[in-house]
Structure formats: C-alpha cells, structure tokens
Amino acid sequence: MENRLPLVKSTMSKFSNRIWVNTLSLLLWVVICITAFVGFAGFAPEALAIDYNKETLIGSDFSGRDLTDSSFNQTNLRNSNFSHSNLRGVSLFSAKLESVNFEAADLTNAILDSALFTKTNLTNAVLEGASAANARFDRAIIDGADFTDVLLRKYEQEKLCKVASGTNPTTGRNTRDSLYCP
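Quick caveat, the model's predicted, so the values are computed rather than measured. (Residues numbered from 1 in each chain as written. Predicted model: local features only at pLDDT ≥ 70, side-chain atom pairs only at ≥ 80, totals over all residues. Heavy atoms only, no water.)

1. Section: the overall build of the protein chain
In plain terms, the rule: For the purposes of this entry, the term helix denotes a DSSP run of H or I that reaches at least four residues, the term strand denotes a run of E that reaches at least two, and both are numbered from the N terminus. Relative accessibility under 20% of the residue-type maximum defines a buried residue, over 50% an exposed one, and the middle range a partly exposed one, all with a 1.4 Å probe and only protein chains included. Areas reported as accessible are Shrake-Rupley estimates using a 1.4 Å probe. Residue values count occlusion only from the protein chains shown.
Counting its secondary structure elements, the protein chain contains three helices and zero strands. Order of helices (α) and strands (β) in the protein chain, N terminus to C terminus: α-α-α. The 182 residues of the protein chain split such that 37% are buried. Summed over all atoms, the accessible surface of the protein chain reaches about 10800 Å², with 57% contributed by carbon and sulfur.

Structure representation (structure tokens):
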C-alpha cells in the first residue's frame, strides 16, 4: 500500500496541472475573442497617422474624423471637408486647400507651411501652435478662428487682421487678439 501512495499523488498532480492548463487556455481564448469582437465592432480608432502625401483627394470627406499626426504633404484637397475633425499635429505642408472646410477643426500644432488656403473655411477652427510660415490665406474665412502662437509671415498676419472677427467657442479667445491685430 505504501508503494501506491506516491503513484496516486503523481496522478493527482498531473490531473491538477491539466486543469490549470485547460483553464488558462480557455481564458486566453476568451481574451482573443473579445479583442477580435471589439476590433470588428467599430470600437477601434478611425484613422491614426495615415500618410496621404502627394495624393489627389479632391472633394474628400474627412469630417468628424480623428486624423491625429496624419500627413497630407503636397496633397490636392480642393473642396474637401475636414469639419469637426481632430487634426492635431497633422502635416499639410505645401497642400492645396482651395475651398476646403475646416469649420470647428482642431489644427493644434499642425504643420501648415507653404499651404495654400484659398477661400478656405476656418470658422471656429483652433490653430494654436501651428506653423504656417509661407502659407497663403487668400480670401480665407476666419470668423472665430484661434491663431494663438501660430507662426505667420507679417504680410499674412496683416491680411488676416483685415477680416478677423469673432471669438472661438472652444478656447474662448478672440480671433483678432490671437493674431495680435492692432
């Protein structure tokens, strides 16, 4: 009988190990299934840091999207819609932005250097900390836009001051004050 006791303990130990392995395998399977379901159910971010460089995206609809840190360098975006989008840190270097709608968009810390904002709607947009050296704002609509700490050429600043009006509803800053208009 003494010889059978170690055999019983050994068998019980193997059985106990199998239960733990099966339980952990089942838990891992449940985690994988939940992760896959959440990804397919649309809970994943829409778009993060996508490269749209040098594309022609005329009339595209990016409204309400999260495009944080995405890149649109040298892209033609004429007549596109970015209203109510998160464009923090986005790069629009040398982009063609004729008649683009940026209403209530967040362009905080965006790279806007050499971009062409011709007849662009920037109503209530936040451009705080953006770099807009050599950007051109020809007939841009800037009612309520916040240009706090935006790097602009003196000529462009003066041109924007001629049409600046309103207060940004998000930041509470006056457009003229954010442009340091006299």
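2. Overview of the pattern of salt bridges
Cut-off, in case you're wondering: By convention in these notes, a salt bridge is any Lys or Arg side-chain nitrogen within 4 Å of a carboxyl oxygen on Asp or Glu.
Tallied over the entire structure, the rule returns seven salt bridges. Close ionic contact of Asp-138 with Arg-136 constitutes a salt bridge, the shortest N to O distance being 3.1 Å. Classification of Arg-136 by relative accessible area gives partly exposed; the value is 40%. Its salt-bridge partner being Glu-156, residue Lys-159 comes within 3.2 Å of it at the nearest N-O pair.

3. Examining helix H2 (residues 154-161)
Where we set the bar: Directions are taken from the helix axis to each C-beta atom, and the arc is the one they span. In this description, contact between two residues means that some pair of their heavy atoms is separated by no more than 4.5 Å.
Taken together, the buried positions of H2 are Glu-156, Gln-157, Leu-160 and Cys-161. The arc enclosing the buried residues of H2, seen along the axis, measures out at 140°, which places them on a common side. Exposed and oriented more than 90 degrees from the buried face of H2 are Lys-154 and Tyr-155. Buried residues in H2 make contact with helix H3 (175-178).

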